[in-house]
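Chain by chain, the residues run as shown.
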Amino acid sequence: AQVRNLGLFHRIGLFDETTDDHALTVFQHDVRFQLGLGRVGRQIGRFPFSGRGNLGHHVQQLVGTSSDVERKRRAVGKVEANRLSVRLELQADYYAGVWANHNRHYLDPGDIQEAVRAANAIGDDTIQGRTRGRVLPHTFTHGSSEQRMRWFNKGLENGRLEDGDTFAVAYEDL
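What comes next concerns the included structure.

Here is what the cut-offs are and how they apply
- Residues numbered from 1 in each chain as written.
- Predicted model: local features only at pLDDT ≥ 70, side-chain atom pairs only at ≥ 80, totals over all residues.
- Heavy atoms only, no water.
- Helix = DSSP H or I, 4+ residues; strand = E, 2+ residues; numbered from the N terminus.
- Contact = heavy atoms within 4.5 Å.
- Salt bridge = Lys/Arg side-chain N within 4 Å of Asp/Glu carboxyl O.
- Buried < 20%, exposed > 50% of the residue type's maximum accessible area, 1.4 Å probe, protein only.

What follows deals with the environment of G56. Here G56 shows up in helix 3 (residues 49–63). Taking the C-alpha atoms as reference, G56 lies 4.9 Å from Y95; in sequence the two are 39 residues apart. Ignoring any residue separated from it by four or fewer positions in sequence, one finds G56 in contact with A92 and Y95.

If you want it as structure tokens, here you go:
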């Protein structure tokens, strides 16, 4: 589940200028559609952390990570399938941070802090503690609050897509 086809991101204009206007237009349309945006502009900084995570999942679909993980999930037991899901979610959080790194000019003051607060609020441990009264890490499918904040911040800090391979890290070190 390594990141592959990195040239794709340059061709579709995810992070850099592109000479292929059609590919950039298609990608921007896909992102706007997924996020419910009418246009790219200042409002792009206002979509919630979950929207940025969806953008991360869009990247995973483009490079084939999502389908690879789904295939692997069907071949393993429940606990390992959950762990694969956590890795996928944390990678999407990382990609959201990379996106924010490269699109700071669209962000309003406080958007990054809002994204980190949202990551904290939607961690499996926070949700389970609030809804069940206890936390069961082996049932996590999205990662803990701390993991989600850390991977988002990692992407935000370095801005390098290729450093987000959550599948190459020991599970305990995520």
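Per the counting criterion, the structure on display carries 9 salt bridges. In this structure, R148 engages E89 in a salt bridge whose closest nitrogen and oxygen atoms are separated by 4.0 Å. Here R148 is found in helix 8 (residues 145–158), whereas its partner E89 is found in helix 5 (residues 78–102), with 59 residues between them in sequence. Note on R148: relative accessible area 5%, which makes it buried. Notably, a salt bridge pairs E162 with R160, separated by 3.6 Å at the nearest N-O pair. Among the residues examined, E162 registers a relative accessible area of 38% and is labelled partly exposed. Salt bridges linked by common partners bring E70, R73 and R74 together as one network.

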